[in-house]
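Overview (structure and organization)
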Amino acid sequence: MALRTPVPPLCFLHPPGPCGFGFTPRITIPCPNTPCAWGRPQARGLQPRSSRAPAPPAPPGPPAAASRRGPLVPHHSRTEMRGLPGQGSPTRGRRAPAPCPLPRSPQPSPVPRHRLPPRGSARPRAPPTTAPGAAAAPRPARPLRVSARGGAGLPGPGPVPVPGRPPHRTELYEDPPSACWPIVYSPEYNITFVGLEKLHPFDAGKWGKVINFLKEEKLIADDLIVRAREAADEDLLVVHTRRYLNKLKWSFVVATITEIPPVAFLPNFLVQRKVLKPLRTQTGGTIMAGKLAVDRGWAINVGGGFHHCSSDKGGGFCAYADITLAIKFLFERVQGVSKATIIDLDAHQGNGHERDFMDDHRVYIMDAYNRYIYPGDGDAKRAIKRKVELEWGIEDTEYLQKVHTHVEGALNELKPDIIVYNAGTDILDGDPLGGLAISPQGIVKRDEIVFKAARSRRIPILMVTSGGYQKRTARIIADSILNLHNLGLIDKELARSGVRNRKVEQMIRDAAKDLSNLSLQ
């Protein structure tokens, strides 16, 4: 049967059209440089349907502009495309495809923006905005991005402050009355809530007991101590991330940190008021005591010492990184304080501040701890400059000798502008978590060694009380403070400028003789 019209080959740009057998072929063959007959390809060797009519002529009118895609032609109806009898719909139309492949335009196309000039060629520069010979305006400094654990070029934890931006306003650095002792405390330190605090071996009321013992000895009075203030969110964000502070709004997270499971079932507003607010107040007390130590030569926060908490993780009854916060506040706000030494003599490793100051060479960390107990943080140990790992059941003689040797070595290796002394009493013999066997007299002597080393070098020292899981630790802390006062190592009038104190110097010489005799034995 002869074909009425020549059948063009298939075009790969369009789907195949209907054939004479009532079905649509699904094979396309690229066509040569010829356009499709009806705007649609036809199957090779098959004639079109007899009912198909040619496209009606275009209505008269002004000639349309030339198009690369060709003139508008009628669009075949869907029934016709399926091989059913029907006529093309003249109401819907589209452009017929141009010959394939399309001819290139004689005009050069613009160069895309993402393409750069070839290597070695000079880039086109914008015309200068200043007059010839005039000094160009300096380019504004690019602000540093705030990161959660310090930024590039600036070590340390917490958000990196933008250069030139002053620190936020805080109530923690307001000067207390000069008549007060640099001893920081608040009745809000103590945690009491329907007996839940008794589910943890930590004595959550020892801080108030220490103050009561000192009052009984007539050393201090309520109007002679510095009342601690609660650290606000803006203060905590100097080190902590916003994400971590939001986590503390979940009671389950606080129960995990404090190791008191029933806390997970309490409404969070009660957890904030009864558990976290006392810890925030102790954290504020440590920050306040840092400035007092610089101003007066020494300071003691009766609470604090949360050395297991870092900028983005808490644990071990430590929800806020008060040691890191105190040091960061001093670096940012107190002129002349650029180096710090942490002497951590708690029975546990201080992995919190170690993680915070991992790459900060301004902070020297000495840590003496029981190597077999919590937390066993191997990554954090890389931040320790002087590591003293203790064995189970170590006693006074060996322990005090190690403390004296390494404290002197640490301060000789780097003379800091501030010493942060974490004086945990969980080294006491019989402590359920410490695993050491130091007597109460050994703890008093340990504190004496550290304060004498600081006073002999005229370095301000901040002491925090940290861990201690027995009822008698409060009495031992009070006895140690009384001993320091009796030796003249702490006094209300003691200033950093430091007039030589003959009594202190004589005590230092006597202590050196005693320790030398102890080492010979």
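Residues numbered from 1 in each chain as written. Predicted model: local features only at pLDDT ≥ 70, side-chain atom pairs only at ≥ 80, totals over all residues. Heavy atoms only, no water.

Considering the overall build of the protein chain
For the record, the criterion: Think of it this way: any DSSP run of H or I at least four residues long counts as a helix, any run of E at least two long counts as a strand, and we number them from the N terminus. Pairs of residues are marked as contacts when any of their non-hydrogen atoms sit within 4.5 Å. Using a 1.4 Å probe, the Shrake-Rupley method yields the accessible areas, and only the shown protein chains count as cover for residues.
When helices and strands are counted, the protein chain shows 12 helices and 10 strands. In the protein chain, 70% of the contacts between residues at least 6 apart in sequence involve partners at least 24 apart. Surface summary for the protein chain: the accessible area is close to 27900 Å², and the carbon and sulfur share equals 55%.

Brief notes about the side chain of N268
When you line up the elements, N268 lands in helix α6 (residues 268-296). For N268, the contacting residues outside a window of four places in its chain are L248, K249, W250 and S251.

A short note on helix α2 (residues 206-216)
Condition: Only protein chains enter the calculation, and the probe is 1.4 Å; a residue is then buried if its accessible area is under 20% of its type maximum, exposed if over 50%, and partly exposed in between.
Buried within α2 are the following residues: K206, W207, G208, V210, I211 and L214. Those residues of α2 that are buried are in contact with β3 (183-185), α6 and α11 (473-486). Looking one or two places after α2, you find K218, whose phi comes out positive at around 60°.

Some remarks on the confidence of the model for the protein chain
What counts, and what does not: pLDDT gives the predictor's per-residue confidence on a scale running from 0 to 100.
A residue-level look at the protein chain finds 61% of positions with pLDDT of 70 or above and a mean pLDDT of 77. Below a pLDDT of 50 lies the segment residues 140-156, which in the model reaches 35 contacts outside its immediate sequence neighbourhood of four places, other chains included.

Thoughts on the packing of α6 against helix α7 (residues 322-333)
This is how it is decided: Helix axes are fitted only over the stretch in contact, all axes being lines through C-alpha atoms; the angle between N-to-C directions runs from 0 to 180 degrees. Note on terminology: angles under 35 degrees are roughly parallel, angles over 145 are roughly antiparallel, angles of 65 to 115 are roughly perpendicular, and the others are oblique. Helix crossings get a hand from a simple test, with the near helix turned counterclockwise from the far one by less than a right angle marking a left-handed crossing and a clockwise turn marking a right-handed one. Throughout this entry, Asp, Glu, Lys and Arg are counted as charged residues, while Ala, Val, Leu, Ile, Met, Phe, Trp, Tyr, Cys and Pro are counted as nonpolar. The remaining residues, Gly among them, count as polar.
At their nearest, the axes of α6 and α7 sit 8 Å apart, and the two run at 40° to each other. It follows that α6 is oblique to α7 by the angle criterion. Where α6 crosses over α7, the handedness of that crossing is right-handed. Across the interface between the two elements, T283, T286, I287, G290, K291 and V294 from α6 touch D322, L325, A326, F329 and L330 from α7. Considering only residue class, the contact of α6 with α7 consists of six nonpolar, three polar and two charged.

Considering the packing of α2 against α11
Following both chains from N to C, one finds α2 and α11 inclined at 45°, their axes separated by 8 Å at the closest point. Considering the angle they form, α2 stands oblique to α11. The interaxial crossing formed by α2 with α11 has right-handed handedness. Between α2 and α11, the contacting residues are K206, K209, V210, F213 and L214 on the first element and T473, A474, R475, I477, A478, I481 and L482 on the second. Considering only residue class, the contact of α2 with α11 consists of eight nonpolar, one polar and three charged.

Describing the nonpolar core
The cut-off we apply is this: For this analysis, a nonpolar core means a set of buried residues of the types Ala, Val, Leu, Ile, Met, Phe, Trp, Tyr and Cys, connected via side-chain atoms within 4.5 Å.
Grouped together as the largest cluster of nonpolar side chains are 113 residues, with contacts concentrated most on I327, L345, Y399, Y421 and F451. Broken down by element, the residue count for this core peaks at 10 residues, all from α6. Residues contacting Y421, with those up to four places away along its chain left out, are I343, L345, R446, D447, V450, F451, I461, L462, M463 and V464.

Description of the sheet that holds strand β8 (residues 386-390)
The cut-off we apply is this: Being paired, for any two strands, means DSSP has found at least two bridges between them.
Here eight strands make up an open sheet; going across it, the order is β4-β3-β5-β10-β9-β6-β7-β8 and the pairing parallel. Sheet topology places β4 (226-227) and β8 at the edges, where each strand pairs with a single neighbour. As defined by bridge partners, strand β6 (residues 340-344) adjoins strand β9 (residues 418-422) across five bridges and the pair is classed as parallel. Its bridge partner lying in β9, D344 is registered against N422.

With respect to the pattern of salt bridges
Under the convention used in this document: A pairing counts as a salt bridge when a side-chain nitrogen of Lys or Arg comes within 4 Å of a carboxyl oxygen of Asp or Glu.
Going through the model one piece at a time under the given rule, you end up with 19 salt bridges. Of the charged contacts, one joins K215 and D222 as a salt bridge, the two residues approaching to 2.2 Å between their closest N and O atoms. In this structure K215 comes out as partly exposed when scored by relative accessible area, which is 28%. When its relative accessible area of 56% is taken as the criterion, D222 is described as exposed. Across the pair R475 and E217 runs a salt bridge, and its minimum N-O distance is 4.0 Å. In this pair, R475 sits in helix α11 while E217 sits in the loop between α2 and β4, placing the two residues 258 residues apart along the sequence. Exposure remark for E217: the relative accessible area of 44% places this residue in the partly exposed category.

Examining unusual backbone geometry
Residue P375 is bonded to the preceding Y374 through a cis peptide linkage, with omega at 5°. Relative to the elements of secondary structure, P375 occurs in the loop between β7 (363-370) and β8. With a phi close to 65°, F317 is a non-glycine residue in the positive phi region. Given a relative accessible area of 8%, F317 falls into the buried group. The residue R458 is not glycine, and still its phi comes out positive at about 55°. On the basis of relative accessible area, R458 is assigned to the partly exposed category, the value being 35%.

Some remarks on the packing of aromatic side chains
Selection rule: We call Phe, Tyr and Trp rings a pair once their centres come within 6.5 Å, taking the six-membered ring for Trp, and we label the pair stacked below 30 degrees between planes, edge-to-face above 60, and tilted otherwise.
Taken as a whole, this structure holds five aromatic pairs when the rule is applied. Taken together, a centroid distance of 6.2 Å and an interplanar angle of 70° make the contact between W181 and W298 edge-to-face. Pair noted here: W181 is in the loop between β2 (89-95) and β3 and W298 is in strand β5 (residues 298-301), with a separation of 117 residues, a long-range link. Just as W181 is buried, W298 falls in that class too.

Some words on the pairing of β5
Each regular strand carries side chains that alternate between the two faces of the sheet. Here β5 shows no split at all, with W298 and I300 on one side and A299 and N301 on the other all buried. Sheet topology note: the β3/β5 ladder contains two bridges and is parallel. Looking at the pairing, I183 lines up with I300 of β5. Sheet topology places β5 next to strand β10 (residues 461-464); four bridges connect them, and they run parallel. Its bridge partner being in β10, A299 is matched across the sheet by L462.

Describing the environment of H308
Using the following cut-off: Any pair of N or O atoms that falls within 3.5 Å is considered a polar contact. Within protein, one atom must be able to donate a hydrogen and the other to accept it, and sequence-neighbouring residues count only if both atoms are side-chain atoms.
Take H308: it is sitting in the loop between β5 and α7. Since its relative accessible area comes to 8%, H308 is described here as buried. Sequence-wise, H308 and Y320 are 12 residues apart; in three dimensions their C-alpha atoms are separated by 8.7 Å. With residues up to four places along the chain from it excluded, the contact list for H308 reads K313, G315, G316, C318, H348, Q349, N351, G352, Y374 and P375. Here the side chain of H308 touches H307 through a polar contact of 3.4 Å, side chain to side chain. A polar contact is formed between the side chain of H308 and the side chain of N351, at a distance of 3.0 Å.

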